[in-house]
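Chain by chain, the residues run as shown.
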Amino acid sequence: MGPRLSLLVGALASCLLPALGCVICDTKVVEALNSLETDYLPGHLGAEHHKNVMKRLKQAVQDFKDLPIDEDSYMGVVDESTLEKASWSLLKDLKRITDSDVKGELLVKELFWMLSLQKDTFARYVAQFQKEAFCPNKCGMMLQALIWCSTCQKQVHACRKSLDCGERIIKVHEMEDMILDCELNWHQASQGLTDYSFYRVWRNKSETLVSKGKEPTLTKTMVVPKDEGTYRCQLDTVKSSPATVIRFHVKVLPQRIVEETSSSDTPNQAGVAPNGITQGPAKSSTALQSLPSQSPKVENILRRLLVGMLSWGFMVLIASITILILCYWAEKDPSYFTDAVKHWFSPGKKDAPSSAVPETKANASRSQ
């Protein structure tokens, strides 16, 4: 086992060099390696190999300087978030090995396999950081806090690009609010930022300070035509150079036309702001006037429909009551219904009174 274990220890040492990288800068990783030496190895590896393994292990970690420099994958620096993810991944696998209570030659093999996987994981995290999080500013100067893997020192790196972050065209209607937003998506992650300063730029190229403070926006209420023009926003830093410079070209449009109704109880549902400025397209006066005229027509139609339904309902009720009465008497006296029909529709009954009158007159003439 001795010669074979020595070869495994040598392979382990060569693997540690590219695998650990910046993770050795995390104090939690250093503590875990110390615990491995003092608490785990004495009871899981022979005493004759214990000293040699730890010597090679520590030497490999201490001699680690950097990975191959590549502009697209690794530049020798990481941020705190990337370091934390890589360290957590290594500590998780190391704890899995110690919890398994593996011993001897199998322990060295497990460490070797774990470190080969961690090498790929670390390279993937660093490449992602290099592409997405390293100097993410497209313009201006970002002060980014980075950790140098060779020295484990945390320093502020100046990501310098063009200070001019472009121009914005702002259109606002007269008597409405003008809002100029100077914040970019990387400002929150930058170090050493101080104040946002807004200047009014005049035609003769002179400038007047309008606002200065921590807020990235400038708000001017109820603008008038004289507020039209060019404004410049500058984000200052602790260094002599500003972080960003943005220019705003403000165009003041004519005031919106607001149609008012005669009723004072009309609810504010047309997008009208408290200061009387409409926030949406105004409706035409024809449309506003047609609404009251349409309401009585609809009300009359509904009233007529309701009266008609009540009338038909009443007639159906009367007919139903009549049929029930006839059915009741027909069941009690079967000849009642037929006699009543003959009485109503018999022609002899109707002619009897008319023929009796001449007969009465004839008897009276005979007696005379």
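Refer to the preceding data block for the structure.
Parameters and conventions
- Residues numbered from 1 in each chain as written.
- Predicted model: local features only at pLDDT ≥ 70, side-chain atom pairs only at ≥ 80, totals over all residues.
- Heavy atoms only, no water.
- Salt bridge = Lys/Arg side-chain N within 4 Å of Asp/Glu carboxyl O.
- Helix = DSSP H or I, 4+ residues; strand = E, 2+ residues; numbered from the N terminus.
- Buried < 20%, exposed > 50% of the residue type's maximum accessible area, 1.4 Å probe, protein only.
- Pairing = 2+ DSSP bridges.
- Axes fitted to C-alpha atoms, helices over the stretch in contact; angles between N-to-C directions.
- Polar contact = N/O pair within 3.5 Å; in protein donor to acceptor, adjacent residues only side chain to side chain.
- Contact = heavy atoms within 4.5 Å.
- Disulfide = S-S within 2.5 Å.

A. Seen up close, the pattern of salt bridges. One pass over the structure, following the stated rule, counts 11 salt bridges. The shortest N-O distance in the salt bridge between R232 and E207 comes to 2.8 Å. Note that R232 is positioned in strand 9 (residues 229-237) and E207 in strand 7 (residues 207-213), a separation of 25 residues in sequence. Its relative accessible area of 36% is what places E207 among the partly exposed residues. Put simply, K220 and D227 hold a salt bridge, and the shortest N to O gap is 3.8 Å. Several salt bridges converge on common partners, so that one network encompasses D93, R96 and E110.

B. A look at the sheet that holds strand 6 (residues 193-201). Taken together, five strands build an open sheet; the order of strands is 4-10-9-6-7 and the sheet is mixed. The sheet terminates laterally at strand 4 (164-173) and strand 7, the two strands that pair on one side only. Across the sheet, the axes of successive neighbouring strands diverge by a mean angle of 25 degrees, strand direction being ignored. In the sheet, strand 9 pairs with strand 10 (residues 244-253) via seven bridges, with the strands oriented antiparallel. Looking at the pairing, Y231 lines up with F248 of strand 10.

C. Examining the side chain of H187 more closely. With respect to the secondary-structure elements, H187 resides in the loop between strand 5 (178-181) and strand 6. At 2.9 Å, the side chain of H187 and the side chain of Y196 are in polar contact. Residues in contact with H187, not counting those within four places in the same chain, are C182, L193, Y196, L235 and T244.

D. Seen up close, the state of the cysteines. Per the stated rule, a full pass over the model turns up four disulfides. Between the sulfur atoms of C139 and its disulfide partner C165 the distance amounts to 2.1 Å. Between C139 and C165, the S-S dihedral sits near 110 degrees, and the bridge is therefore right-handed. Linking C139 in the loop between helix 5 (104-132) and strand 2 (141-148) with C165 in strand 4, this pair joins segments that are 26 residues apart in sequence. C165 shares its class with C139; the two are buried. The side chain of C182 participates in a disulfide bridge whose partner is C233; the two sulfur atoms lie 1.9 Å from each other. Handedness of the C182-C233 disulfide follows from its S-S torsion of about -100 degrees: it is left-handed. Here the residue C182 occupies a position in the loop between strand 5 and strand 6, and C233 occupies one in strand 9, the gap between them amounting to 51 residues.

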